[in-house]
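Spelled out from the first residue to the last, the chains are:
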2 protein chains.
Amino acid sequence: MNVKPVVKSDIEIAQQSFMKPIVEVAEKIGLHEDDLELFGKYKAKLSTEALKKLETKNSGKIILVTSINPTPAGEGKSTVTVGLGDAFTKIGKKAIIAMREPSLGPTMGVKGGATGGGYSQVLPMEDINLHFTGDLHAITTANNALAAFIDNHLQQGNELGIDQRRIVWKRALDMNDRALRKVVIGLGGPMQGVPREDGFDITVASEIMAVLCLSTDLQDLKKRLGQMVIAYNYNKQPVTVADLGVQGALTMLLKEAVKPNLVQTIEHTPAFIHGGPFANIAHGCNSVIATKTASKLADFVVTEGGFGADLGAEKFLHIKARSAGIKPEAVVIVATIRALKMHGGVPKAELGREDVQALTTGFANLKKHIETIESFGLPFVVAVNKFITDTDQEVRTLMEFCEKSGIPVSLTEVWEKGGEGGVDLANKLLEVIEKQESNFQPLYDLSDSLENKILTIAQKVYGAEKVEFSSKAKKQLKDFDSFGWSHLPICMAKTQYSLSDDPTKLGRPSGFTITIREFKPSIGAGFIVALTGDVMTMPGLPKSPAALKMDVDENGNAIGLF
Amino acid sequence: MNVKPVVKSDIEIAQQSFMKPIVEVAEKIGLHEDDLELFGKYKAKLSTEALKKLETKNSGKIILVTSINPTPAGEGKSTVTVGLGDAFTKIGKKAIIAMREPSLGPTMGVKGGATGGGYSQVLPMEDINLHFTGDLHAITTANNALAAFIDNHLQQGNELGIDQRRIVWKRALDMNDRALRKVVIGLGGPMQGVPREDGFDITVASEIMAVLCLSTDLQDLKKRLGQMVIAYNYNKQPVTVADLGVQGALTMLLKEAVKPNLVQTIEHTPAFIHGGPFANIAHGCNSVIATKTASKLADFVVTEGGFGADLGAEKFLHIKARSAGIKPEAVVIVATIRALKMHGGVPKAELGREDVQALTTGFANLKKHIETIESFGLPFVVAVNKFITDTDQEVRTLMEFCEKSGIPVSLTEVWEKGGEGGVDLANKLLEVIEKQESNFQPLYDLSDSLENKILTIAQKVYGAEKVEFSSKAKKQLKDFDSFGWSHLPICMAKTQYSLSDDPTKLGRPSGFTITIREFKPSIGAGFIVALTGDVMTMPGLPKSPAALKMDVDENGNAIGLF
């Protein structure tokens, strides 16, 4: 007999799961109903008073989940993050998960959410993937209010002398809409504004998203919003939001969005889902406020950075952790046998076939990320996220390889088994934390020059030989120096698929050059984005968008969301 | 002694008011906590189950609040609506208010909310005027998702043969942003979409807002969304949302927005604030679902239509009431002495001066609206909304004038005194309802031709002599006939300031011609918009936007919102 087991989809598992009232989930971590602003029965924001009350409390341990360079095979970093949180709960630890909130654009375009998978999901999955508590809408609104204020300033006499050819603030929508990438606005005559080139980014690429995620409180948010550079004037000097005088209004529009959202996993572990900046032109981590708040309420906070360790972990450590004064206790590096085989040269279509040789070759990618985490002085455990196609021989090979090299490793089955599938990982983490103190050290100092910061990242994190700067980039570096921006950290915008800036170079490439095409200053967020290659800040829709299968049933529930 | 009393601002009064938990407010009208989806402690949406449960209940009486043609002097229609609801509560009647929700665009641009004033306000005023429960954001999202699907359809081969010069679906933002009125999108080469002209409307002008407000339930919403015309193909035939196949996805995006929002007045009368379509290119009334739901829960529902009776009441009666099968029991026509004086020829700057003659002349405007309401077969009471600048002589003149002509009239002081100031109005309404049965009759039949419908409105409601159609309008009427759209009601887009289509003709003009420039079919909403003159569907910001004074205090409360 060969009966194929029925595998439930993520949305089926989510909809069939039982949720506890969020008030009950909150009580487990010492929050009372009065600390919450409820959004229905299963979602809540923490009130300003609750956040203030927590400020003086001690902090729990932060575990950062990162991964090898992502491949089309899938790694399951979010799934491991959720499963690990559940695993800590299962072994009696007080744990909270802190993750990013999803963007609607990709949801309507391509199948796939950001709420974990299988039995390691956060709930209510539908709400989180749709409008949730309105944070992204508030950011879109603030972004576009600012754009309207800029164009209104031009229309009403342009007192600040803004050079309309040098307005760098773009409009935003939480949508995949390629037709808005490059537009001309202000057409139709003198009553309809000043004509100029403009463009729309997806909301998660807005600097306001990065600002919200790096702010420590509402006043810090306002300060950062005021510092955002929106344009250059006719003297080529930066013009900021504070020059326009609208940082107060923008802060008002964001005063609710800045409060972290509390939900739960399928196994009722509390989870903060808050903020979701792009991991290329921004730093790709959930909000500082959520991570810090979680750390005040739990012994273990499980959080993640976007993409692989070369981007997400590097930025978490150099940007978020440094700016917020937090320090991870240990790191989980997620890998899958499928993805390692791809790094070893197997095309996606052939991943079903056992290939121990390719696995061994692909291991070089994992090895590089391990070395990176070690260079930051951080204890770690490799989590091999099990897929049903993995053969026993492949699993054995990988586990033995790690054990022989003294690499702490755990085989996790969180997709299929929820927290139970991550208990071994949780225990191994406790072991390494016990054994090895976290000696977190950034790889560069903020006082280094911008060029040297980039060189450090390229050589120590990517394994590059050298860095080249375009003539435009060189010119910008001089300008930035004169504007007093050289003390800021670097936010690399690089392909996630390779350690290099060439997405086709899988595994562990060497001898390559990183080319910096251009810089984009994000002064409010507090970093300088270094662009390598083309960075997509407004995705497009595929020929058959996922939206075609979406609907509601007669009870008003979402259908076809995933 | 001549001590000037300190007059508090609306936001001061609102912030100093005590709110009951919304669960308590809901209990008074027979709703349980389980019927609510809470948004914090003071706002809630009604659940799908609660809405279904109410369907079979008997309906209370609906009171429609309308006004004379608005003037810059202010009439206070929303304030009277709120105050009347409180007055009914005060005299022991079970009353619910049903109003529109405000748009953020005007809030950021010009001072002035849509939540009543003085001691007749709905609370929490700040939240309602900012993001509230996210309804407008959901509509913006659905509107722009549809736009992205259209442009993606062009990009991916244009199977439906959409003529890109004849795409009528515009993008939308809840913002005052004149620079987006006319834009060119899709620039930047073949990977960035198909270049074409486009434009942005403010969200409340989106047909989706009108559709949401006229839908009776989620399935009706989906049907209407599918019927929306987005473009014409190369054969000049209409292309609908259903042709694109995305009505299910749009419905999913709106599944929460379609649920009515429950809040309270300063005096704790329950209020549904839900939907807010423009009163020019749409029908300007809150949602059918909110009005109907309120009528299932109360003996008296106080609701309003946008602008004066020539627009708001006419559309409430011909479009909303007819489509929803509801019938108002009586009408309140709001007037102020200041506004009547303006209709009598006094410029705004001189309104402080007593002018009985101008008041008497201006009365003609009120008289015309009274005749209109009578022609619909509806009982009514005139509400004279008292302002501190009104002199005794003026008040006496107006009251005597009404009483001599047998016009039921009440002097209301709801701004200053809340419900207490509207008790006389409430009692007079009870009297007229007792005395005179509502014989509501539309002025035209749906089977009339579109031309005749317009002629009826122009002559019977505006007092026009005749109607002229531009050659474009005539051509459109022929097309509409061939598309089978002639059975739809008309939605007039006309200046609110005059009974005519010329905003400078105050009072009661006569002998004028109404010129129909163009039509805009809103097939999902279920009406044909007839445009007279220019209609602004995307406002601009003033030189000093209200946003410049906005901020947050150290506790995260809004400052300078009003």
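Here is what the cut-offs are and how they apply
Residues numbered from 1 in each chain as written. Chains lettered and ligands numbered in written order. Predicted model: local features only at pLDDT ≥ 70, side-chain atom pairs only at ≥ 80, totals over all residues. Heavy atoms only, no water. UniProt positions renumbered as here; feature names shortened; annotations may be inferred. Helix = DSSP H or I, 4+ residues; strand = E, 2+ residues; numbered from the N terminus. Rg over C-alpha atoms; globule rule 2.2 N^0.38 Å. Buried < 20%, exposed > 50% of the residue type's maximum accessible area, 1.4 Å probe, protein only. Contact = heavy atoms within 4.5 Å. Areas by Shrake-Rupley, 256 points an atom, 1.4 Å probe, with all protein chains shown as cover. Lys, Arg positive; Asp, Glu negative; His and termini not counted. Charge placed at Lys NZ, Arg CZ, Asp CG, Glu CD. Buried area = accessible area lost by both parts, 1.4 Å probe. Salt bridge = Lys/Arg side-chain N within 4 Å of Asp/Glu carboxyl O. Polar contact = N/O pair within 3.5 Å; in protein donor to acceptor, adjacent residues only side chain to side chain. Least-squares fit on C-alpha atoms with pLDDT ≥ 70 in both. Phe/Tyr/Trp six-rings, centres within 6.5 Å; stacked < 30°, edge-to-face > 60°. Lys NZ or Arg CZ within 6 Å of the ring centre and 35° of its normal. Pairing = 2+ DSSP bridges. Axes fitted to C-alpha atoms, helices over the stretch in contact; angles between N-to-C directions. Disulfide = S-S within 2.5 Å. Patch = residues over 30% accessible without salt bridge, like charges linked within 9 Å, V, L, I, M, F, W, Y side chains within 5 Å. pLDDT = per-residue confidence, 0-100. 1 Å grid on protein atoms, 1.4 Å probe; cavity = no way out; pocket = protein on both sides within 12 Å on 5 of 7 lines; lining within 4 Å. Points joined across faces, edges and corners; volume = space filled by probe spheres on them. Nonpolar A, V, L, I, M, F, W, Y, C, P; charged D, E, K, R; others polar. Parallel < 35°, antiparallel > 145°, perpendicular 65-115°, else oblique. Left-handed = near helix turned anticlockwise from the far one by under 90°.

- Chain A goes by Formate--tetrahydrofolate ligase in an unreviewed UniProt entry, where it is assigned to Cytobacillus mangrovibacter.
- Recorded under Pathway (unreviewed entry), the UniProt text for chain A is reproduced unchanged: "One-carbon metabolism; tetrahydrofolate interconversion."
- Per UniProt, chain A carries the Sequence similarities (unreviewed entry) text "Belongs to the formate--tetrahydrofolate ligase family."

## Here's the deal with the overall build of chain A
For step 1, the next point in the chain: Check the secondary structure of chain A and you find 20 helices and 26 strands.
For step 2, the next point in the chain: At 23 Å, chain A has a C-alpha radius of gyration in line with the 24 Å of a compact globule built from 562 residues.
For step 3, the next point in the chain: Taking the principal axes of the C-alpha coordinates as reference, chain A spans close to 75 × 55 × 50 Å.
For step 4, the next point in the chain: Per-residue burial over chain A gives 64% buried out of 562 residues.
For step 5, the next point in the chain: In chain A, once contacts between residues fewer than 6 apart in sequence are set aside, the share between residues at least 24 apart is 75%.
For step 6, the next point in the chain: In the structure as shown, chain A presents an accessible area of about 19900 Å², 50% of it carried by carbon and sulfur atoms.
For step 7, the next point in the chain: When the 63 positive and 66 negative side-chain charges of chain A are each reduced to one mean point, those points stand 3 Å apart.

## A few points about the interface of chain B and chain A
For step 1, the next point in the chain: Facing the 74 residues of chain B at the interface are 74 residues of chain A.
For step 2, the next point in the chain: With both sides pooled, the region where chain B packs onto chain A buries about 6100 Å², and carbon together with sulfur makes up 62% of that total.
For step 3, the next point in the chain: Where chain B packs against chain A, one counts six salt bridges.
For step 4, the next point in the chain: Where chain B meets chain A, there are 29 residue pairs in polar contact (both at pLDDT 80 or more).
For step 5, the next point in the chain: Examining the composition of the side of chain B that touches chain A, we find that ten residues originate from one element, helix H7 (residues 135-155) of chain B, more than from any other.

## Some thoughts on the relation of the copies chain B and chain A
For step 1, the next point in the chain: Structural alignment of chain B on chain A gives an RMSD of 0.0 Å, achieved by rotating through 180 degrees and translating 0.0 Å along the axis. Such a combination of turn and shift is consistent with a two-fold rotation axis.
For step 2, the next point in the chain: Counting the interface residues of chain B, we find that 100% of their copies in chain A are interface residues as well, pointing to one common contact surface.

## Some points on the packing of aromatic side chains
The description of an aromatic ring pair rests on the distance of the ring centres and on the angle between the ring planes.
For step 1, the next point in the chain: Scanning all chains against the criterion turns up 18 aromatic pairs over all chains.
For step 2, the next point in the chain: Relative to B:Trp485, the ring of B:Phe480 has its centre 5.2 Å away and its plane inclined at 50 degrees; by these criteria the two rings are tilted. Side by side, B:Phe480 and B:Trp485 carry an identical accessibility label, which is buried.
For step 3, the next point in the chain: Grouping aromatic residues by their ring pairs yields a cluster made of A:Tyr232, A:Phe469, A:Phe480, A:Phe483, A:Trp485 and A:Phe519.
For step 4, the next point in the chain: Just above the ring of A:Tyr444 sits the side chain of A:Arg322; from NZ or CZ to the centre is 4.7 Å.
For step 5, the next point in the chain: Geometry around A:Tyr462 places A:Lys494 over its ring, the cationic atom sitting 4.7 Å from the centre.

## With respect to the sheet that holds strand S12 (residues 229-233) of chain B
Strand pairing in a sheet relies on backbone hydrogen bonds. The paired strands run either parallel or antiparallel.
All names here are of chain B.
For step 1, the next point in the chain: With antiparallel pairing, the three strands of this open sheet are ordered in space as S7-S12-S13. Looking along the sheet, the strands with just one partner apiece sit at the ends: strand S7 (162-167) and strand S13 (238-240). Adjacent strand axes in the sheet meet at a mean angle of 50 degrees, parallel and antiparallel pairs treated alike.
For step 2, the next point in the chain: In terms of strand pairing, S7 meets S12 through two bridges, oriented antiparallel. Residue isoleucine 167 lies in a different strand from S12, and its bridge partner there is alanine 231.
For step 3, the next point in the chain: Sheet contacts for H7: S7 and S12; angle to S7, the most-contacted strand, approximately 130 degrees.

## Thoughts on the pattern of salt bridges
When the charged atoms of two side chains lie near each other, side chains of opposite charge can form a pair.
For step 1, the next point in the chain: Summed over the entire model, instances satisfying the criterion amount to 62 salt bridges over all chains.
For step 2, the next point in the chain: Of the charged contacts in the structure, one is a salt bridge between B:Lys53 and B:Asp35, with a shortest N-O distance of 2.8 Å. Within this pair, whereas B:Lys53 is found in helix H3 (residues 48-54), its partner B:Asp35 is found in the loop between helix H2 (22-28) and strand S1 (36-39), the two being separated by 18 residues in sequence.
For step 3, the next point in the chain: Close ionic contact of B:Glu518 with B:Lys472 constitutes a salt bridge, the shortest N to O distance being 3.1 Å. Residue B:Glu518 is found in strand S23 (residues 518-522), and its partner B:Lys472 is found in helix H20 (residues 471-483); the two are separated by 46 residues along the sequence.
For step 4, the next point in the chain: Under the relative-accessibility criterion, B:Lys472 is labelled partly exposed at 45%.
For step 5, the next point in the chain: Look at the salt bridges and you will find they share partners, linking A:Glu37, A:Lys255, A:Glu256, A:Lys259 and B:Glu126 into a network.

## Considering the sheet that holds strand S21 (residues 490-493) of chain A
All names here are of chain A.
For step 1, the next point in the chain: Taken in spatial order, the three strands make up an open sheet running S21-S24-S23, and their pairing is mixed. Two strands close off the open sheet at either side, each with one partner strand: S21 and strand S23 (518-522). In this sheet, adjacent strand axes meet at a mean angle of 25 degrees when their direction is disregarded.
For step 2, the next point in the chain: Seen against the sheet, helix H13 (residues 309-324) touches S21 and strand S24 (527-531) and runs at an angle of roughly 165 degrees to S21.
For step 3, the next point in the chain: Seen against the sheet, helix H19 (residues 450-462) touches S21, S23 and S24 and runs at an angle of roughly 55 degrees to S21.

## Section: the state of the cysteines
Two cysteines whose sulfur atoms are joined by a covalent bond form what is called a disulfide.
Residue and element names in this part refer to chain B.
For step 1, the next point in the chain: Taken as a whole and assessed by the stated rule, the structure comprises zero disulfides over all chains.
For step 2, the next point in the chain: Its sulfur unpaired, cysteine 213 is 8.5 Å from the next cysteine sulfur, which belongs to cysteine 285.
For step 3, the next point in the chain: Overall, cysteine 213 belongs to the buried group, its relative accessible area being 0%.

## As for helix H11 (residues 247-254) of chain A
For step 1, the next point in the chain: Counting buried positions along H11(A) yields seven of eight residues, so the element is predominantly enclosed.
For step 2, the next point in the chain: All buried positions along H11(A) are accounted for by A:Gly248, A:Ala249, A:Leu250, A:Thr251, A:Met252, A:Leu253 and A:Leu254.

## Brief notes about the side chain of B:Thr291
Residue and element names in this part refer to chain B.
For step 1, the next point in the chain: Within the fold, threonine 291 resides in helix H12 (residues 288-297).
For step 2, the next point in the chain: At a separation of 2.9 Å, a polar atom in the side chain of threonine 291 contacts the side chain of asparagine 286.
For step 3, the next point in the chain: Separated by 2.6 Å, the side chains of threonine 291 and lysine 320 make a polar contact.
For step 4, the next point in the chain: If sequence neighbours within four positions are ignored, threonine 291 has contacts with Ile62, Ala98, Asn286, Val301, Thr303, Lys320 and Ile326.

## Description of the pairing of S23(A)
Residues and elements named next belong to chain A.
For step 1, the next point in the chain: Pairing between S23 and S24: five bridges, direction antiparallel. Paired with lysine 520 across the strands is valine 529, a residue of S24.
For step 2, the next point in the chain: The loop that links S23 with its antiparallel partner S24 comprises four residues; one of these, glycine 526, has a positive phi angle of about 95 degrees.

## Considerations on a negative patch on the surface
For step 1, the next point in the chain: Together, A:Glu24, A:Glu27, A:Glu33, A:Asp34, B:Glu24, B:Glu27, B:Glu33 and B:Asp34 make up a region of like negative charge exposed at the surface.
For step 2, the next point in the chain: Contributing elements (two or more residues each) for the negative patch: helix H2 (22-28) of chain A together with H2 of chain B.
For step 3, the next point in the chain: Residue placement: A:Glu27 occurs in helix H2.

## Re helix H9 (residues 218-227) of chain B
For step 1, the next point in the chain: Regarding H9(B), the residues found buried are B:Leu218, B:Asp220, B:Leu221, B:Arg224, B:Leu225 and B:Gly226.
For step 2, the next point in the chain: The backbone nitrogen of B:Gln219 lies 3.1 Å from a side-chain oxygen of the residue at the head of H9(B), namely B:Asp217.

## Points about the confidence of the model for chain A
Parts of the prediction with low pLDDT should not have their coordinates interpreted in detail.
For step 1, the next point in the chain: When the pLDDT values of chain A are averaged, the result is 95; 98% of them are 70 or greater.
For step 2, the next point in the chain: Across the interface, the model reports ipTM at 0.95; the global pTM reads 0.96.

## A few points about empty space enclosed by the protein
For step 1, the next point in the chain: Enumeration according to the criterion identifies eight cavities of 30 Å³ or more in this entry.
For step 2, the next point in the chain: Estimates place the volume of the largest cavity at around 150 Å³.
For step 3, the next point in the chain: Along its surface, the largest cavity is lined by 14 residues, and A:His137, A:Thr140, A:Leu173, B:Thr140 and B:Leu173 are the ones closest to its centre.
For step 4, the next point in the chain: If you list the elements that add at least two residues to the lining of the largest cavity, you get helix H7 (135-155) of chain A together with H7 of chain B.
For step 5, the next point in the chain: A breakdown of the residues in the lining of the largest cavity according to their chemical character gives four nonpolar, eight polar and two charged.

## Here's the deal with the UniProt feature "binding site: ATP" (unreviewed entry) in chain A
All names here are of chain A.
For step 1, the next point in the chain: As recorded in UniProt, the feature "binding site: ATP" (unreviewed entry) lies at Thr71, Pro72, Ala73, Gly74, Glu75, Gly76, Lys77 and Ser78.
For step 2, the next point in the chain: Turning to its location among the elements, threonine 71 is positioned in the loop between strand S3 (61-67) and helix H4 (77-90).
For step 3, the next point in the chain: Those residues in contact with threonine 71, other than ones at most four positions away along the chain, are Ala339, Met342 and His343.
For step 4, the next point in the chain: Within polar-contact distance, the side chain of threonine 71 engages the side chain of glutamate 75 at 3.0 Å.

## Quick look at the packing of H13(A) against H19(A)
Residues and elements named next belong to chain A.
For step 1, the next point in the chain: Where H13 meets H19, the axes come as close as 11 Å, and the angle between the chain directions of the two elements is 125 degrees. Considered as vectors, H13 and H19 are oriented oblique to each other. When the axes of H13 and H19 are compared, the crossing they make is right-handed. Residue-level inspection shows Asp310, Leu311 and Glu314 of H13 in contact with H19, the latter providing Ile457, Val461 and Tyr462.
For step 2, the next point in the chain: Among the residues making up the contact of H13 with H19, the classes are represented as four nonpolar, no polar and two charged.

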